[in-house]
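One letter stands for each residue in the lines below.
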Amino acid sequence: MSDNQTFLDLIRDYSLWSDYLGTFAFAVSGIRVAEEHQLDWFGAYVVGFITAVGGGTLRDMMLDIPVFWFSNPMYLMITLLALLTYAVFRRYLLKVEHVVFFLDSVGLGMFAVVGAQRSIDAGMAIWIAPLMATITGAFGGMIRDILVNEIPHIFVREVYASACLMGGLVYIFLFSFTPLSVPFIGLFVSLLVLSIRLLAIRYKWTLPGFAPMTRL
């Protein structure tokens, strides 16, 4: 096999590598939340794993396709790698401001792409893709927050699930109406979701909410 063929094979497998990178990033963010709630290593592993695969599991069940990690132990191993990496470099990760938030945002962008493409591959209507992008990216974090008894981030006006939804909409537009390659679309949308998250934090963008009302 030539070097060019090897490179093209890697490009074709971009979705799998995006899934792996997103899994690692989300697992680290879940482990960080578990540490904040003083869970032991086993609890941290469980929370990290659920953060990483929860959204994708729900997505596959809704699409009525085999759950992705049932036939691939890499997701269990990636979560273990994330736990060991966090344990070894914990002191440095905590010193670098916002590093865990950045990893979480990277995972969000990657998973939004994976969710949209998985929906298209399953033969669903095109409008389903943004919903699957949102579920894949946001629902693992929602389950994580419920496990540690916090109000899920997606319910407190933070630009989180909405970033996935916007990414999913852009994905289906580019996929349906442009000649761009799938790997390029995936990379662009991943960076778009990441940028939306970072800009939302930088400029304090929030979604509208209900103001408290005083009783008469």
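This structure is a prediction, so every number in the text was calculated from the model and none was measured.

Quick notes on the nonpolar core
Piece 1. In terms of nonpolar packing, the biggest core is built from 47 residues, with Leu108 and Tyr171 touching the most fellow members.
Piece 2. Elements supplying a minimum of two residues to this core: α2 (14-36), α3 (41-63), α4 (74-95), α5 (99-121), α6 (128-147), α7 (161-177) and α8 (182-202).
Piece 3. Take this core: its biggest share by element is 10 residues, from α5.
Piece 4. In contact with Leu108, not counting residues within four places along its chain, are Phe26, Gly137, Ala138, Tyr160, Ala163, Cys164, Val193 and Arg197.

A few points about α8
The periodicity of an α-helix, 3.6 residues per turn, causes residues three or four places apart in sequence to face the same way.
Piece 1. Between the first and last C-alpha of α8 there are 30 Å, a value that for 21 residues agrees with the 30 Å anticipated at 1.5 Å per step.
Piece 2. Considered for burial, the residues of α8 that qualify are Ile185, Gly186, Val189, Ser190, Val193, Leu194, Ile196, Arg197 and Ala200. Projection of α8 onto a plane perpendicular to its axis shows the buried side chains occupying an angular sector of 160 degrees, all on one side. Exposed and facing more than 90 degrees away from the buried side of α8 are Leu187 and Arg202.

What about the packing of α5 against α8?
Piece 1. Orientation of α5 relative to α8, taken along the N-to-C sense of each, is 140 degrees, at an axis distance of 8 Å. It follows from the interaxial angle that α5 and α8 lie oblique. Viewed along their axes, α5 and α8 form a crossing whose handedness is right-handed. Contacts between α5 and α8 pair Phe101, Phe102, Asp104, Ser105, Val106, Leu108, Gly109, Met110, Ala112, Val113 and Gln117 from the former with Val182, Gly186, Val189, Ser190, Val193, Leu194, Arg197, Leu198 and Ile201 from the latter.
Piece 2. Partitioned by chemical class, the residues of the contact of α5 with α8 number 13 nonpolar, 5 polar and 2 charged.

Analysis parameters
Residues numbered from 1 in each chain as written. Predicted model: local features only at pLDDT ≥ 70, side-chain atom pairs only at ≥ 80, totals over all residues. Heavy atoms only, no water. Core = buried A, V, L, I, M, F, W, Y, C linked by side-chain atoms within 4.5 Å. Buried < 20%, exposed > 50% of the residue type's maximum accessible area, 1.4 Å probe, protein only. Helix = DSSP H or I, 4+ residues; strand = E, 2+ residues; numbered from the N terminus. Contact = heavy atoms within 4.5 Å. Expected span 1.5 Å × (residues − 1). Arc of directions from axis to C-beta. Axes fitted to C-alpha atoms, helices over the stretch in contact; angles between N-to-C directions. Parallel < 35°, antiparallel > 145°, perpendicular 65-115°, else oblique. Left-handed = near helix turned anticlockwise from the far one by under 90°. Nonpolar A, V, L, I, M, F, W, Y, C, P; charged D, E, K, R; others polar.

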